[in-house]
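Here's the letter readout for the chains.
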Amino acid sequence: MLDNNHRVINYLRLSVTDRCNLRCIYCMPEQGIQFISHSEVITYEEMLHMVGLCVQKGIRKVRLTGGEPLVRKGFIGFLERLCLIEGLEEISLTTNGVLLKTFAADIKNCGICRINVSLDSLKPERFLRITGQDCFERVREGLEKAEQVGFNPIKINVVAMKGVNDDEILDFARLTLEKPYHIRFIEIMPIGEKNTWPAEKFISAKEIQKKIKTLGDLHPVGRNLLDGPAERFALEGAKGEVGFIGALSNHFCDNCNRLRLTADGHLRGCLFSDHETDIKTPLREGKGDSHLLDLISDTILNKPRDHGLLPYKPRKCVRSMNSIGG
Ligand code: SAM
Ligand code: SF4
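Values in this document were obtained by computation on a predicted structure and should not be read as measured data.

Right, let's talk about the overall build of the chain for a bit. Tallying secondary structure elements over the chain gives 10 helices and 12 strands in all. A compact globule built from 326 residues would reach a C-alpha radius of gyration of about 20 Å, and the chain, at 19 Å, matches this within 12%. Relative to its 326 residues, the chain shows a buried fraction of 56%. Across the chain, contacts joining residues at least 24 apart in sequence account for 74% of those joining residues at least 6 apart. Counting only carbon and sulfur atoms, one obtains 50% of the accessible surface of the chain, whose full area is about 14,200 Å². Across the chain, the mean location of the 46 positive side-chain charges is 2 Å away from that of the 43 negative side-chain charges.

Printed below as a string of structure tokens:
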């Protein structure tokens, strides 16, 4: 379906849970997090219902995110059922990789085609500093297992931060020479009321790209209709590719095809807009599908034209990333 700005909306990001086994510095504070109460979190049954309705409105791709999807009990059973929904062309998963070794084979067997693993450092001590947990080795083993069971390519999300991990940008890029990894460098985004926006840590996609060009020419890689906002390139002779998500510096809003469903059942047109539509309450009140379909249409039609952010003058949104689904 088209929104009021003539964009095709075909991609739903679904936050399976707001809980997580890590505490990344840019996403969740170590203390004082207000988690959504269990009764307010949408059940798997409700999610399946909502995804089915979204498919009727033109959604063709679903990404499961969170929080950390793999920490929610019964997740694999849910995936199996999600994969049976007709009309979905692609289901993918974003995970921090900590539990990937355990679940990679099950995820693959369900029919999930793509996974993104978030990994901001290749150094165990630094990983601990960024995430609050000493889990680098588990993520590394998770990536190994994912490769073994046949995920190819594997996307790796790297939030680039000045003075934190920007000295590893070239190491990540070099990985694509040997491995079929798609490394996605993401600009750090201002999100969540409790986070202090670390403006001094911001490093733009352009700066990252410039650094990588010191390794050699970057060749543009083709895109398809369900692709996200990453600009994709490959180094000469590389097995993998590098991508840049300039969430702040590069206004990709003109091509944004996304809708988000939060862990407590609210539909959002934009990560950065606090405008959202409560779908769970009418669903629980037993309102019919035609009413719910109208709410979905309204959210799509009224998707904000752009996020209105500027790199050095950010506007925070009230919800944190883990509850919206990053
Ligand atoms: N827990 C899973 C993970 O980390 O992959 C899925 C949820 S996480 C919110 C999804 C993605 O959002 C991750 O790649 C994470 O690095 C990114 N993210 C979270 N907070 C961010 C922020 N403030 N700026 C940029 N990216 C962020
Ligand atoms: Fe958890 Fe992912 Fe947020 Fe890190 S980015 S705290 S792994 S939800």
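All chains considered together, the criterion is met by five aromatic pairs. Aromatic pair Phe-75 and Phe-78: ring centres 6.2 Å apart, planes at 45 degrees, arrangement tilted. On the criterion of helical spacing, the pair formed by Phe-75 and Phe-78 is a turn pair, its members being three residues apart in helix H2 (residues 75-82). A relative accessible area of 3% places Phe-75 in the buried class. A relative accessible area of 2% means that Phe-78 is categorised as buried. Here the aromatic rings of Phe-185 and Phe-244 are separated by 5.9 Å at their centres, their planes lie at 15 degrees, and the arrangement is stacked.

This part is about the sheet that holds strand S7 (residues 218-220). Spatial strand order, S7-S8-S9-S6-S5-S4-S3-S2-S1-S10-S11-S12: 12 strands in an open sheet with mixed pairing. Of all strands in the sheet, those with a lone pairing partner are S7 and strand S12 (276-278), marking the two edges. Neighbour to neighbour, the strand axes of the sheet diverge by 25 degrees on average, direction disregarded. Bridge count between strand S4 (residues 114-118) and strand S5 (residues 154-160): three bridges; the pairing is parallel. Following the sheet pairing, Asn-116 is matched in S5 by Lys-155. Along the sheet, helix H1 (residues 44-56) makes contact with strand S1 (11-15), strand S2 (61-65) and strand S10 (258-261), crossing S1 at roughly 170 degrees. Lying on the sheet, helix H7 (residues 205-213) is in contact with S5, strand S6 (181-187), S7, strand S8 (231-235) and strand S9 (241-245); it crosses S9 at an angle near 160 degrees.

Here helix H9 (residues 289-301) is 13 residues long and its end C-alpha atoms lie 18 Å apart, about the 18 Å a rise of 1.5 Å per residue gives. Looking only at H9, the buried set comprises Leu-292, Leu-293, Leu-295, Ile-296, Ser-297, Thr-299 and Ile-300. Each element contacted by the buried residues of H9 is listed here: H1, S10, strand S11 (266-268), S12 and helix H8 (280-284).

On to helix H4 (residues 124-131). Because each turn of an α-helix spans 3.6 residues, side chains separated by three or four positions end up pointing in the same direction. For H4, every residue scored as buried is listed here: Arg-126, Phe-127, Ile-130 and Thr-131. Buried residues in H4, looked at end-on, bunch into an arc of 120 degrees, giving them a common side. Opposite the buried face of H4, at more than 90 degrees from it, the exposed residues are Glu-125 and Arg-129. Tucked inside the fold, the buried residues of H4 contact helix H5 (136-148). Just downstream of H4, Gly-132 is the residue with a positive phi angle, here 80 degrees.

On to the environment of Ser-121, then. Take Ser-121: it is sitting in the loop between S4 and H4. Residues Ser-121 and Gly-288, 167 residues apart in the sequence, show an inter-C-alpha distance of 47 Å. The residues contacting Ser-121, other than those within four sequence positions of it, are Arg-126, Phe-127, Ile-130, Phe-136, Glu-168 and Phe-172. A polar side-chain atom of Ser-121 sits 2.7 Å from a polar atom in the side chain of Glu-168.

Before going further, it helps to examine the site of ligand 2. In the vicinity of ligand 2, the contacting residues are Cys-20, Leu-22, Cys-24, Cys-27, Met-28, Gly-67 and Asn-96. Looking at the shell around ligand 2 residue by residue, the class counts come to five nonpolar, two polar and no charged.

In the vicinity of ligand 1 lie 19 residues, with Tyr-26, Gly-67, Ser-118, Asn-157 and Met-189 positioned nearest. Within the backbone of Tyr-26, a nitrogen or oxygen atom sits 3.0 Å from a nitrogen atom of ligand 1. Interatomic distance of 3.2 Å between a side-chain N/O atom of Glu-68 and a nitrogen atom of ligand 1. Across the complex, the protein chains shield 95% of the 550 Å² of accessible surface that ligand 1 would expose by itself.

The rules behind each value
- Residues numbered from 1 in each chain as written.
- Chains lettered and ligands numbered in written order.
- Predicted model: local features only at pLDDT ≥ 70, side-chain atom pairs only at ≥ 80, totals over all residues.
- Heavy atoms only, no water.
- Helix = DSSP H or I, 4+ residues; strand = E, 2+ residues; numbered from the N terminus.
- Rg over C-alpha atoms; globule rule 2.2 N^0.38 Å.
- Buried < 20%, exposed > 50% of the residue type's maximum accessible area, 1.4 Å probe, protein only.
- Contact = heavy atoms within 4.5 Å.
- Areas by Shrake-Rupley, 256 points an atom, 1.4 Å probe, with all protein chains shown as cover.
- Lys, Arg positive; Asp, Glu negative; His and termini not counted.
- Charge placed at Lys NZ, Arg CZ, Asp CG, Glu CD.
- Phe/Tyr/Trp six-rings, centres within 6.5 Å; stacked < 30°, edge-to-face > 60°.
- Pairing = 2+ DSSP bridges.
- Axes fitted to C-alpha atoms, helices over the stretch in contact; angles between N-to-C directions.
- Expected span 1.5 Å × (residues − 1).
- Arc of directions from axis to C-beta.
- Polar contact = N/O pair within 3.5 Å; in protein donor to acceptor, adjacent residues only side chain to side chain.
- Near = heavy atom within 4 Å.
- Nonpolar A, V, L, I, M, F, W, Y, C, P; charged D, E, K, R; others polar.

Without other data, these values stay purely geometric and don't point to any function.
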